[in-house]
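Understanding the architecture of this molecule
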Amino acid sequence: NLSPVLVEELQDLFPGSAHTEALGLGRAEDSNIWEYARRNGFTIVSKDADFPERGVLLGSPPKVIWIRRGNCSTADIAGILRRSASEIEAAAKDDGIRYVVLM
């Protein structure tokens, strides 16, 4: 539910990121996306509450970055992720954190 443009805009902070569309998962079920992320060391970034809920049930990996914003622009989302880069990096290193909520 996020624009593939974000991957390009944030490569300087999050190198190696990929959008589900580029991975052939554009129309995949959440469970397939979850499993792909788990197997391949990705963190899921989404506005969808299903992913953090899945993290509570299944644990991590993968970790989830949950963006709790209503309708907003891709530039707004990029700004949120940029401002939160250190928090995201810290969460990635902490095995006790399953998801991060950003607003």
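Our structure is the block above this text.
Quick caveat, the model's predicted, so the values are computed rather than measured. (Residues numbered from 1 in each chain as written. Predicted model: local features only at pLDDT ≥ 70, side-chain atom pairs only at ≥ 80, totals over all residues. Heavy atoms only, no water.)

**Overview of the side chain of Ser46**
Quick reminder of the rule: A run of DSSP states H or I qualifies as a helix once it reaches four residues; a run of E qualifies as a strand once it reaches two. Both are numbered from the N-terminal end. Working definition: with a 1.4 Å probe on protein chains only, accessible area under 20% of the residue-type maximum means buried, over 50% means exposed, and in between means partly exposed. Note on definitions: a residue-residue contact is assigned when non-hydrogen atoms from the two residues lie within 4.5 Å.
Assignment of secondary structure puts Ser46 in strand β1 (residues 44-46). Taking the relative accessible area as the measure of exposure, Ser46 reaches 3% and is therefore buried. In this view, Ser46 contacts Asn1, Leu2, Phe51, Ile65, Trp66 and Ile67; residues no more than four positions away in its chain are not counted.

**Brief notes about the sheet that holds β1**
What counts is decided by this rule: Following DSSP output, two strands are said to pair if at least two bridges run between them. Interaxial angle, 0 to 180 degrees, is taken between N-to-C directions of lines fitted to C-alpha atoms, where a helix line uses only the stretch in contact.
Spatial ordering of the open sheet is given by β1-β2-β3, a layout of three strands whose pairing is parallel. Two strands close off the open sheet at either side, each with one partner strand: β1 and β3 (99-102). Mean inter-strand twist for the sheet, computed between neighbouring axes without regard to direction, equals 15°. Pairing between strand β2 (residues 64-67) and β3: four bridges, direction parallel. From the neighbouring strand, Trp66 faces β3, where its bridge partner is Val101.

**Notes on a nonpolar patch on the surface**
What counts here: Two joining distances apply to patches: 9 Å for like charges and 5 Å for nonpolar side chains (Val, Leu, Ile, Met, Phe, Trp, Tyr), and every residue must have over 30% relative accessible area and no salt bridge. Areas reported here follow the Shrake-Rupley algorithm with a probe of radius 1.4 Å; residue values treat only the protein chains shown as occluding. Salt bridge, as used here, is a side-chain nitrogen of Lys or Arg placed within 4 Å of a carboxyl oxygen of Asp or Glu.
On the surface, a nonpolar cluster with roughly 360 Å² of combined accessible area is contributed by Val56, Tyr99, Val101 and Met103. Within the secondary structure, Val56 is located in helix α3 (residues 50-58). Judged by relative accessible area, which is 48%, Val56 ranks as partly exposed.

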